[in-house]
Amino acid sequence: MSCSHRAYASANSHAHSGPCGRMRWKPIELLAMILGFILFWPVGLAILGWKIFQAKTAYAGDFGQFAQEKWGGFEKRSGLGAMARNFSAEWPASSGNSAFDEWRKAELTRLEEERRKIFEAEKAFNDYLDGLRRAKDREEFERFMASRASQGPTEPQG
């Protein structure tokens, strides 16, 4: 059986795959790569690299799907999805269990209060550091003025 018969006989063959499992270029991808090389060569190179990656991994989706999958995984790993929500403005939907919902609401309220305390402590610490910097600046300035005064008056040059 030739490679083209195997590729088309496979039940899992993708509509985007050509003979022998090679990924075919969509016209928009080809156009984007050509324009990428004309306008700014790294864009064309990136598209070409994407197509090579897609062929080697047999990834059937397009670049947009790939980016969404990877960004979704990044959000889960980094916790950005949870941080992006503002718990004080909008509570999560009901779970159907009133006891659990009450506990969750109390915990979220407690966490919001802890977050507020941390931000207040951070602000107080930054204010303290600013005060220390000002005191140090004032001390250095007074030391400079004292050393200048001990040198005596300077004659203006003209």
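Structure first, text after, so check above.
Fair warning: this is a prediction, and the values are worked out from it, not measured in the lab.

What counts, and where the lines are drawn
- Here the residue numbers are simple positions, counted from 1 along each chain's written sequence.
- Local features in this predicted model are restricted to residues whose pLDDT is 70 or higher, and side-chain atom pairs enter the listing and the counts only when it is 80 or higher, whereas totals over whole chains, interfaces and linings include all residues.
- By convention in this description, side-chain values take in all heavy atoms of the structure and omit both hydrogens and water.
- Here a helix means four or more residues in a row that DSSP labels H or I, a strand means two or more in a row labelled E, and each is numbered from the N terminus.
- One fewer than the residue count of a helix, multiplied by 1.5 Å, yields its expected span.
- Burial here depends on accessible area, computed with a 1.4 Å probe over protein chains only, as a share of the maximum for the residue type. Under 20% is buried, over 50% is exposed, and the range in between is partly exposed.
- Two N or O atoms form a polar contact when they lie within 3.5 Å of each other; inside protein one atom must be a possible hydrogen donor and the other a possible acceptor, and for residues adjacent in sequence the pair counts only when both atoms belong to side chains.
- Geometry of aromatic contacts follows a simple scheme: Phe, Tyr and Trp rings, the Trp one being its six-membered ring, pair when their centres are within 6.5 Å, and the pair is stacked under 30 degrees between planes, edge-to-face over 60, tilted otherwise.
- Only residues whose relative accessible area exceeds 30% and that form no salt bridge enter a patch; like-charged residues are grouped when within 9 Å of one another, and nonpolar side chains (Val, Leu, Ile, Met, Phe, Trp, Tyr) when within 5 Å.
- Areas reported here follow the Shrake-Rupley algorithm with a probe of radius 1.4 Å; residue values treat only the protein chains shown as occluding.
- In the sections that follow, a salt bridge refers to a side-chain nitrogen of Lys or Arg positioned within 4 Å of a carboxyl oxygen of Asp or Glu.

Visitor: Sorry, what's going on with helix H6 (residues 98-151) here?
Guide: One turn of the α-helix equals 3.6 residues, which is why residues spaced by three or four share an orientation. Here H6 spans 79 Å end to end across 54 residues, near enough to the 80 Å set by a 1.5 Å rise per residue. Every buried residue of H6 is listed here: Asp-101, Arg-104, Leu-108 and Glu-112. Between the side-chain oxygen at the start of H6 and the backbone nitrogen of Ala-99 there is a gap of 3.0 Å, and the oxygen is on Asn-97. Directly beyond the C-terminal end of H6, a positive phi value near 95° is found at Gly-152.

Visitor: Please explain the packing of aromatic side chains as it appears in this structure.
Guide: Working definition: an aromatic ring pair is given by the centre-to-centre distance plus the angle between the planes. What the rule picks out here adds up to 2 aromatic pairs. Judged by centre distance (5.6 Å) and plane angle (35°), the ring pair of Trp-50 and Phe-53 falls under tilted. Here the residue Trp-50 and the residue Phe-53 both occupy positions in helix H3 (residues 41-57), the gap between them amounting to 3 residues, near one helical turn. For the ring pair Phe-100 and Trp-103, a centre distance of 5.8 Å and an interplane angle of 35° mean the geometry is tilted. You can see Phe-100 and its partner Trp-103 sitting in helix H6, 3 residues apart, about one turn around the helix.

Visitor: Help me out: how do you make sense of a nonpolar patch on the surface in this one?
Guide: Taken together, Trp-25, Ile-28, Leu-30, Leu-31, Ile-34, Leu-35, Ile-38, Leu-39, Phe-40 and Val-43 make up a surface patch of nonpolar side chains, about 1,000 Å² in accessible area. Ranked by the residues each element gives to the nonpolar patch, the list is headed by helix H2 (residues 27-39), at 7 residues. For Trp-25, the position within the fold is in the loop between helix H1 (3-9) and H2.

Visitor: Would you explain the pattern of salt bridges in this entry?
Guide: A side chain of one charge can pair with a side chain of the opposite charge if their charged atoms are brought near each other. With the rule as written, the count across this model stands at 10 salt bridges. Notably, a salt bridge pairs Lys-51 with Glu-29, separated by 2.9 Å at the nearest N-O pair. In this pair, Lys-51 is assigned in helix H3 and Glu-29 in helix H2, connecting sequence segments 22 residues apart. On the accessibility criterion, Glu-29 (11% relative accessible area) is buried. With its nearest N and O atoms 2.1 Å apart, the salt bridge here joins Arg-116 to Glu-113. Of this pair, Arg-116 and Glu-113 both sit in helix H6, 3 residues apart, roughly one helical turn. Overlapping salt bridges, with partners in common, bring together Glu-113, Arg-116 and Glu-120 in one network.

Any functional reading would require information beyond the geometric quantities listed.
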